[in-house]
Amino acid sequence: MDKLNFLTAGVPLRAGNKGYEAGFEVLDTMGLDGLELEFVRGVRISDKSREVVGNSTKVITAHAPFYVNLNARENEKLEASVQRIIETAQTTNELGGFSITFHAGFYLGMDKELVYKQISSQISIITKELEKAGNNIWIRPETTGKATQWGDLEEIIRLSEEFPNVLPCVDFSHLHARYNGISNTYDEFCNIFETIGKRLGQTALDNFHAHIAGIEYGAKGEKKHLNLDESDMNYKDLLKAFKDFDIKGVIVCESPNIEDDAKLMKDFYLNL
């Protein structure tokens with residue numbers, strides 16, 4: 001990408017129930033760059049919405065359904081999880097999207113290395129199926145907000161090293177919550193970018209996918225998303241790090257007031 005884009009997680013709230021067309025009008029009015037399709041319960045989009053999104057000039061990403069666990073014990077759950085990610089990638093690619101993200105799975109009390117190998121094997125299936133279909137959209141496992149969920153930064157980077165069309169989705173709020181309040185300083189943010197750049201190359205920094213929101217957390221990690229100014233999320237120093245490393249790609253705002261905090265971040269970033 002040629003710049004850093006600021007997106008909402010879903011249709012802006014100001015659009016009400018009027019759908020994507022009204023949502024894109026809100027984005028235009030507010031000077032925002034696009035949105036992340038939220039396939040929460042399934043990869044479903046009407047023909048009308050498909051046409052509106054496909055014809056839009058906005059940046060589009062997508063979040064796969066939450067019913068995904070690439071470490072599921074039951075074969076039917078495992079197969080369904082793989083299929084949901086494939087369907088998300090296929091649909092988003094058809095709509096001209098940039099990348100997709102998903103929560104990859106849970107440890108389920110198992111050895112972390114065994115879980116890593118299991119998730120890697122399922123990602124291999126997914127990437128091969130998409131390659132056969134001619135789909136080269138970025139596939140992005142997301143850093144997660146609880147220690148019971150697979151997906152710390154090291155695991156996500158390691159997986160990205162294995163597959164050419166896999167890159168991280170770094171949810172900075174999740175990292176902050178996962179470790180009960182750390183990973184929230186300028187130096188820590190810079191270290192994340194340095195590590196990704198060193199191990200995954202400049203392409204990863206030029207095609208970044210981030211989630212940012214305020215977040216409430218405790219000893220077990222993430223509790224819920226908050227508006228930025230109602231939380232201790234150090235978004236200003238984070239955006240300074242984005243600027244200093246000249247990161248390009250997308251920041252998706254997942255605060256409850258999605259478009260307001262996206263606008264807050266974009267205005268702050270452009271004034272640095």
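Residues numbered from 1 in each chain as written. Predicted model: local features only at pLDDT ≥ 70, side-chain atom pairs only at ≥ 80, totals over all residues. Heavy atoms only, no water.

S.K.: What exactly am I supposed to notice about a nonpolar patch on the surface here?
M.R.: A contiguous nonpolar patch, built from Phe106, Leu108, Met110 and Leu114 and spanning about 320 Å² of accessible area, is present on the exposed surface. Among the secondary structure elements, methionine 110 is positioned in the loop between β5 (105–106) and α4 (112–132). Given a relative accessible area of 31%, methionine 110 falls into the partly exposed group. (Patch = residues over 30% accessible without salt bridge, like charges linked within 9 Å, V, L, I, M, F, W, Y side chains within 5 Å. Areas by Shrake-Rupley, 256 points an atom, 1.4 Å probe, with all protein chains shown as cover. Salt bridge = Lys/Arg side-chain N within 4 Å of Asp/Glu carboxyl O. Helix = DSSP H or I, 4+ residues; strand = E, 2+ residues; numbered from the N terminus. Buried < 20%, exposed > 50% of the residue type's maximum accessible area, 1.4 Å probe, protein only.)

S.K.: Looking at this structure, how should I read the sheet that holds strand β8 (residues 170–171)?
M.R.: Spatial strand order, β6-β4-β3-β2-β1-β12-β9-β8: eight strands in an open sheet with parallel pairing. The sheet is open, and its two borders are formed by β6 (138–141) and β8, each paired with just one other strand. Relative to β6, strand β4 (residues 99–102) runs parallel, the two sharing four bridges. Looking at β6, one finds that threonine 101 is bridged to arginine 140. Helix α3 (residues 75–94) rests against β3 (59–63), β4 and β6 of the sheet, and its axis sits at about 155 degrees to β4. Each of β1 (4–9), β9 (208–212) and β12 (249–253) touches helix α10 (residues 258–270); the most contacted strand, β1, lies at about 165 degrees to it. (Pairing = 2+ DSSP bridges. Contact = heavy atoms within 4.5 Å. Axes fitted to C-alpha atoms, helices over the stretch in contact; angles between N-to-C directions.)

S.K.: Before we go on, may I ask you to explain the pattern of salt bridges in this structure?
M.R.: Opposite charge on two side chains makes pairing possible when the charged atoms of those side chains draw close. One pass over the structure, following the stated rule, counts 16 salt bridges. Of the charged contacts, one joins glutamate 259 and arginine 14 as a salt bridge, the two residues approaching to 3.1 Å between their closest N and O atoms. Taken together, the residues glutamate 259 in helix α10 and arginine 14 in the loop between β1 and α1 (19–30) connect sequence positions 245 residues apart. One salt bridge connects glutamate 161 with arginine 199, and the closest N-O pair in it is separated by 3.0 Å.

S.K.: Quick question: what am I supposed to make of the pairing of strand β10 (residues 214–218) here?
M.R.: Each regular strand carries side chains that alternate between the two faces of the sheet. Pairing of β10 with strand β11 (residues 221–226) involves five bridges; the strand directions are antiparallel. When the bridges of β11 are listed, glycine 218 appears paired with glycine 221. Here β10 hands over to β11 after two residues, the two strands then running antiparallel side by side.

S.K.: Which parts of the structure should I look at to understand the packing of α3 against α4?
M.R.: Axes are the key here: two packed helices are described by the angle between their axes and the distance separating the axes. Two elements in contact, α3 and α4, have axes whose closest approach is 10 Å; the angle formed by their N-to-C orientations is 40 degrees. The orientation of α3 relative to α4 falls into the category oblique. Relative to α4, α3 is oriented so that their crossing is right-handed. Residues Leu78, Val82, Ile85, Ile86, Ala89 and Gln90 of α3 pack against Gln118, Gln122, Ile125, Ile126, Glu129 and Leu130 of α4. (Parallel < 35°, antiparallel > 145°, perpendicular 65-115°, else oblique. Left-handed = near helix turned anticlockwise from the far one by under 90°.)

S.K.: When you look at the state of the cysteines in this model, what are you seeing that I'm missing?
M.R.: Simply put, disulfide is the name for a covalent bond between the sulfur atoms of two cysteines. Summed over all chains, the structure comprises zero disulfides. Free cysteine cysteine 190: the closest other cysteine sulfur is in cysteine 169, separated by 19 Å. Looking at the unpaired cysteine 253, the closest cysteine sulfur is the one in cysteine 169, lying at 13 Å. (Disulfide = S-S within 2.5 Å.)

S.K.: How should α10 be read in this particular structure?
M.R.: Side chains three or four residues apart in an α-helix point the same way, a direct result of the helix having 3.6 residues per turn. Under the 1.5 Å per step criterion, the end-to-end length of α10 is 18 Å for 13 residues, consistent within 8% with the ideal 18 Å. Three or more residues of α10 are buried, namely Ile258, Glu259, Asp261, Ala262, Met265, Lys266 and Tyr269. For α10, the buried positions fall inside an angular range of 165 degrees around the axis, keeping them on one side. Buried residues along α10 sit in contact with β1, α1, β9, α9 (235–244) and β12. (Expected span 1.5 Å × (residues − 1). Arc of directions from axis to C-beta.)

S.K.: I tried to follow the pairing of β4 on my own but got confused; where do I start?
M.R.: Residues of β4 alternate between two faces, with Ser99 and Thr101 on one and Ile100 and Phe102 on the opposite face, all of them buried. Note: β3 against β4, three bridges, orientation parallel. Bridge pairing in β4 places histidine 63 opposite threonine 101. For the crossover from β3 across α3 to β4, the handedness is right-handed. (Right-handed = clockwise from strand over helix to strand, strands pointing away.)

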